[in-house]
Protein chains: 2
Amino acid sequence: MKIIIDAMGGDYAPEQIVLGALQSAKEFGVEIILVGRGEDILASMKRHGWDTLPSGVEIANAEDVVDMHADPAEVVRQHKGSSMVLGLKMLADGAGDAFISAGNTGALLSAATLLVKRIRGIRRAAFAPLLPLGNGCILIDAGANTECTPEFLLQFGCMGSLYAKKALKKENPRVALLNNGEEDTKGDPLHKEAYQLLKAAGEKGIINFVGNIEGRDVPADRADVVVADGFSGNVLLKTMEGTAIYMGGLIKEMFYRNLFSKLGALLCKKGEAIKKRMDYREIGGSMLVGITKPVIKAHGSSDALAVRGAIRQAMNAVESGFCDDIRDNIAAMTLLREEKHAQ
Amino acid sequence: MKIIIDAMGGDYAPEQIVLGALQSAKEFGVEIILVGRGEDILASMKRHGWDTLPSGVEIANAEDVVDMHADPAEVVRQHKGSSMVLGLKMLADGAGDAFISAGNTGALLSAATLLVKRIRGIRRAAFAPLLPLGNGCILIDAGANTECTPEFLLQFGCMGSLYAKKALKKENPRVALLNNGEEDTKGDPLHKEAYQLLKAAGEKGIINFVGNIEGRDVPADRADVVVADGFSGNVLLKTMEGTAIYMGGLIKEMFYRNLFSKLGALLCKKGEAIKKRMDYREIGGSMLVGITKPVIKAHGSSDALAVRGAIRQAMNAVESGFCDDIRDNIAAMTLLREEKHAQ
């Protein structure tokens, strides 16, 4: 298995990306192609004691870099020679089995769609991170599609279910729709219609639809797959992150303030277990679901550990064959022309 | 000052509502009208040692109760004799200065709009809870309006700013728009247009607009007022709540698991300070902003402490005169006919 990695994307590129890739190649025995400026990659390697490329690791030279301000719609045309575009072309051409980038999210979405292509019948690809919660929970879409139709949300639910079967190893994942209340009458027209489509898919046995879910219940293990429009999915994901960081700060403050400060600090170390459980670096990045091959968006501030997490996730995704599962089940998640008109 | 309270609304009504009201009447020296089934109210009082009504506390009898399944659109017609409808009528008639209910949220919104009325020029009233974060932060709208226009969001920003000046005692509150990214090009058409309107209001000095905010930064004290459409505002609020509960559980689990379990439990008591800081009961309910007089939605599971918080909040709201501030500044937050057409 061969994983293609954008060595130039992310806040700590290329150093941390290269470091994470080389460590993972050794640890997991996976082949890696690092795409980026060869000189910079080699310099990063040297700083960490690698004088030559380990076996199984290649460099594909790419002089250009897609920065955070690049216009996603123009990236394939304007950054032909970038590590992101070249890496995705290599994936499309079969030079590797999956692609990982910690770079510009919009650019990755747009370039992956243009170059690696959506699975035939899929209207939109969606970002599907694994939420750092007890038993794991997949959010789909976390921000790829700001504007959605009910059919997009139906497809997110079906794709999310197939992905969860493999990624969470759940036979019959519970699929819920993020809404502003649990009752089936809740939501704006988009969410009301999406509810009906998902409910119908549930009745046909295509998914295990468990109804609407509120933000409050997402961490309460009420669903394995949370379907969202990209706007509110993004709000959910980032609010979870912000609240966790905020509470982490309060906890620290409390310990350092109180009389038992040293013991507190000691216990805080035990608290690392919590941190680890809520650490995105352990669980990988956001899978771009709906594309013909696994494409993963790693966190923008990925360090070597996060890159390792994303590589492990990519390996699991390739092995699981979930992209084929989606392809094989496309008929069940596509509205017929007449069904669309009925909406 | 006289606060009208729906004694029958909420999971622990009338017992906890009555208890909180009587305690607050004594503690704050405020007059209270309890609206609800007189017998039930008196029975609740007796169970807690009150044999007669304390001075300053009245009962207004209402035989009917609006339950959680009542249709908001029909509540004024179908539940004429309910504690919620009668209480709001009393507020409209000037029998009291503010109204509090822990009952059906949609019904309260609809009945308050019909009976107490929106301030002239305000398109929609919005729920504006104070988020339980360090320096306080007002979210507007938290769920009253699932579908919004850019003008609604402009008005939420202006009303939220006026409310924050009084409720947070900030001279020049920072107003931000909840969006799926910080850049000014982010969002769907609604949020893009709302951004432009809020920016223009900022340039005119009507508000201190600081741009878009992501869910991640809401707890990071980047804004005093977070403007949201009711759908994503609801997702934000409930996700914060759910994540805080989830993390609280992890912390407890960690303490009880580790070797220092007893010391851990001791430290956990110190952790009550965190709980208190994130406890909605201390900070009151959701203000329904845009209505001619203060109307507060208390949390559905309000106990006496939460009722006390809501009463204190109502008193502050009445004293602050923020409803008059909105009335006095309505011209600045209303789009002219030609501006609307230009959209």
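Before reading on, note that the structure itself is shown above.
Everything numeric here is computed off the predicted structure, so don't read it as measured data.

1. Focus on the pattern of salt bridges
Any two side chains of opposite charge can pair if their charged atoms end up close together. The tally for this structure, following the rule as stated, stands at 30 salt bridges over all chains. Between A:E151 and A:R123 there is a salt bridge; the shortest N-O distance is 3.0 Å. Residue A:E151 is located in helix α6 (residues 150-167), and its partner A:R123 is located in the loop between α5 (105-115) and β5 (126-131); the two are separated by 28 residues in the primary sequence. When its relative accessible area of 27% is taken as the criterion, A:R123 is described as partly exposed. In this structure, the salt-bridge partner of B:R174 is B:D221, at a minimum N-O distance of 3.0 Å. Of the two residues, B:R174 sits in strand β7 (residues 174-178) while B:D221 sits in the loop between β8 (208-213) and β9 (225-227), which places them 47 residues apart along the sequence. For B:D221, a relative accessible area of 34% corresponds to the partly exposed category. Salt bridges sharing common partners tie together A:K170, A:R174, A:D221 and A:D224.

2. Considerations on the sheet that holds strand β4 (residues 98-101) of chain A
Strand pairs in the sheet, formed through backbone hydrogen bonds, run parallel or antiparallel to each other. All names here are of chain A. As summarised here, the arrangement of the eleven strands in space is β3-β2-β1-β4-β11-β10-β5-β6-β9-β7-β8, forming an open sheet in which the pairing is mixed. Since the sheet does not close on itself, it has two edges, and those belong to β3 (57-61) and β8 (208-213), each with one partner. Looking at each pair of strands side by side, their axes are set apart by 25° on average, direction ignored. With five bridges joining them, strand β7 (residues 174-178) and β8 adopt parallel strand pairing.

3. Structural notes on the nonpolar core
In this structure, A:L88, A:V295, B:L88 and B:V295 are the most contacted members of the largest nonpolar core, which totals 92 residues. Discounting residues that sit within four places of it in the chain, B:L88 has contacts with B:F99, B:L108, B:A111, B:A112, B:L115, B:V116 and B:V295.

4. Quick word on empty space enclosed by the protein
Space left empty within the atom packing is revealed by a probe, the size of a water molecule, rolled over the atoms. Residues and elements named next belong to chain A. Tallying each qualifying case throughout the model produces one cavity of 30 Å³ or more. Approximately 40 Å³ is the volume found for the largest cavity. I5, D6, G9, I17, I100, S101, A102, A298 and V307 are the residues that line the largest cavity. At the level of secondary structure, the elements contributing two or more residues to the lining of the largest cavity comprise β1 (2-6) and β4. When its residues are assigned to classes, the lining of the largest cavity shows six nonpolar, two polar and one charged.

Cut-offs and rules
- Residues numbered from 1 in each chain as written.
- Chains lettered and ligands numbered in written order.
- Predicted model: local features only at pLDDT ≥ 70, side-chain atom pairs only at ≥ 80, totals over all residues.
- Heavy atoms only, no water.
- Salt bridge = Lys/Arg side-chain N within 4 Å of Asp/Glu carboxyl O.
- Helix = DSSP H or I, 4+ residues; strand = E, 2+ residues; numbered from the N terminus.
- Buried < 20%, exposed > 50% of the residue type's maximum accessible area, 1.4 Å probe, protein only.
- Pairing = 2+ DSSP bridges.
- Axes fitted to C-alpha atoms, helices over the stretch in contact; angles between N-to-C directions.
- Core = buried A, V, L, I, M, F, W, Y, C linked by side-chain atoms within 4.5 Å.
- Contact = heavy atoms within 4.5 Å.
- 1 Å grid on protein atoms, 1.4 Å probe; cavity = no way out; pocket = protein on both sides within 12 Å on 5 of 7 lines; lining within 4 Å.
- Points joined across faces, edges and corners; volume = space filled by probe spheres on them.
- Nonpolar A, V, L, I, M, F, W, Y, C, P; charged D, E, K, R; others polar.

The analysis is restricted to geometry; functional conclusions fall outside its scope.
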